[in-house]
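One-letter residues, chain by chain:
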Amino acid sequence: MTVRVLIADDQDLVRQGLETIVSAQPDLQVVATASTGREAIHLAAELRPDVVLMDIRMPEMDGLEATRLLLARSEVSSRVIVLTTFDADEYVLAALRAGASGFLLKDVPRRRLVDAIHAVHDGEVLLSPAITRRLVERHLERPAQRPEDTAALDRLSGREIDVLRLVATGHANREIADTLHLSESTVKTHVGALLTKLRVRDRVHLVIFGYDVGLVVPGDVGR
């Protein structure tokens with residue numbers, strides 16, 4: 001299945017570069033590009049792309065407001081990845097509150113950008129490893145293991161621990177599948193089992209759990 005992508009960025013070179021990367025993938029298609037937030041809303045409502053790559057700082061309307069207004073439309077089912085050079089916490093939180101499914105820095109490697117598009121299209125919420133690491137380091141206050149966390153870890157299979165370690169170091173499902181030589185559907189099943197067994201609501205909290213039990217340390221994220 002081809003994933004249809006809309007690119008919104010006010011810088012011509014960035015917009016063209018993203019279009020080149022996305023168009024080079026056989027299962028991705030750029031349906032349109034926009035240079036303002038307002039134009040992005042109009043094109044997304046008209047063309048109904050699967051994924052929108054949305055810059056934050058654009059004229060007329062910034063990407064955060066455009067994301068909020070776009071996703072508030074009942075006829076739009078697009079998922080939004082916010083791409084920016086700015087990684088301040090307030091941008092990350094504002095993007096997630098606006099309904100974005102991903103937040104990546106513009107210096108993200110090409111392969112990770114492509115994987116992110118597939119990940120959010122499949123329903124994942126994805127933050128770049130660098131952003132995940134910083135948020136977790138800032139908000140995680142207890143480095144020591146808690147008894148209840150250790151007991152929960154004991155309930156996991158060896159393969160589930162492998163998947164958890166890769167989730168906690170910022171890897172998307174496709175990357176995990178390639179690393180562990182599994183199918184993506186199998187990885188999704190393992191991630192779902194982890195969320196259920198550990199009683200957490202999303203991947204970010206899987207990262208925090210991995211830190212809590214000492215399965216990963218800050219330097220591991222993004223490797």
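Now for a description of the structure that goes with this document.

What counts and what doesn't
Residues numbered from 1 in each chain as written. Predicted model: local features only at pLDDT ≥ 70, side-chain atom pairs only at ≥ 80, totals over all residues. Heavy atoms only, no water. Helix = DSSP H or I, 4+ residues; strand = E, 2+ residues; numbered from the N terminus. Buried < 20%, exposed > 50% of the residue type's maximum accessible area, 1.4 Å probe, protein only. Contact = heavy atoms within 4.5 Å. Areas by Shrake-Rupley, 256 points an atom, 1.4 Å probe, with all protein chains shown as cover. Core = buried A, V, L, I, M, F, W, Y, C linked by side-chain atoms within 4.5 Å. Axes fitted to C-alpha atoms, helices over the stretch in contact; angles between N-to-C directions. Parallel < 35°, antiparallel > 145°, perpendicular 65-115°, else oblique. Nonpolar A, V, L, I, M, F, W, Y, C, P; charged D, E, K, R; others polar. Salt bridge = Lys/Arg side-chain N within 4 Å of Asp/Glu carboxyl O.

## Quick word on the overall build of the protein
Along its length, the protein carries eleven helices and six strands. Of all 223 residues assigned to the protein, the portion counted as buried reaches 48%. In the protein, 67% of the contacts between residues at least 6 apart in sequence involve partners at least 24 apart. Per element, the accessible surface of the protein, about 10600 Å² overall, is 50% carbon and sulfur.

## Topic: the nonpolar core
Ranked by size, the top nonpolar core spans 26 residues in total, and within it M54, L70, V82 and F103 carry the most contacts. For this core, the elements supplying multiple residues, two or more each, are β1 (3-8), β2 (28-34), α2 (37-47), β3 (51-55), α3 (63-71), β4 (79-84), α4 (89-97) and β5 (102-105). Ranked by the residues each element gives to this core, the list is headed by α2, at four residues. Not counting residues up to four positions away in its chain, the partners in contact with M54 are A8, A40, G63, A66, T67, V80, I81, V82 and L83.

## Some words on the packing of helix α8 (residues 158-168) against helix α10 (residues 184-198)
Between α8 and α10, the shortest axis-to-axis distance is 10 Å and the interhelical angle comes to 95°. Between α8 and α10, the angle falls in the class roughly perpendicular. Across the interface between the two elements, R159, E160, V163, L164 and V167 of α8 pack against H190, V191, A193, L194, K197 and L198 of α10. Split by residue class, the contact of α8 with α10 holds seven nonpolar, one polar and three charged.

## Considering unusual backbone geometry
Phi angles above zero are rare outside glycine, and E60 is one such case at about 70°. Take E60: it is sitting in the loop between β3 and α3. Backbone geometry places H181, a non-glycine residue, at a positive phi of 60°.

## Digging into the pattern of salt bridges
Scanning all chains against the criterion turns up 13 salt bridges. Note that R112 and E175 form a salt bridge whose closest N and O atoms lie 3.3 Å from each other. Pair noted here: R112 is in helix α5 (residues 110-121) and E175 is in helix α9 (residues 173-180), with a separation of 63 residues, a long-range link. For the pair R112 and E175, one class covers both residues: buried. Where salt bridges share partners, they join R111, D115, R174 and E184 into one cluster.

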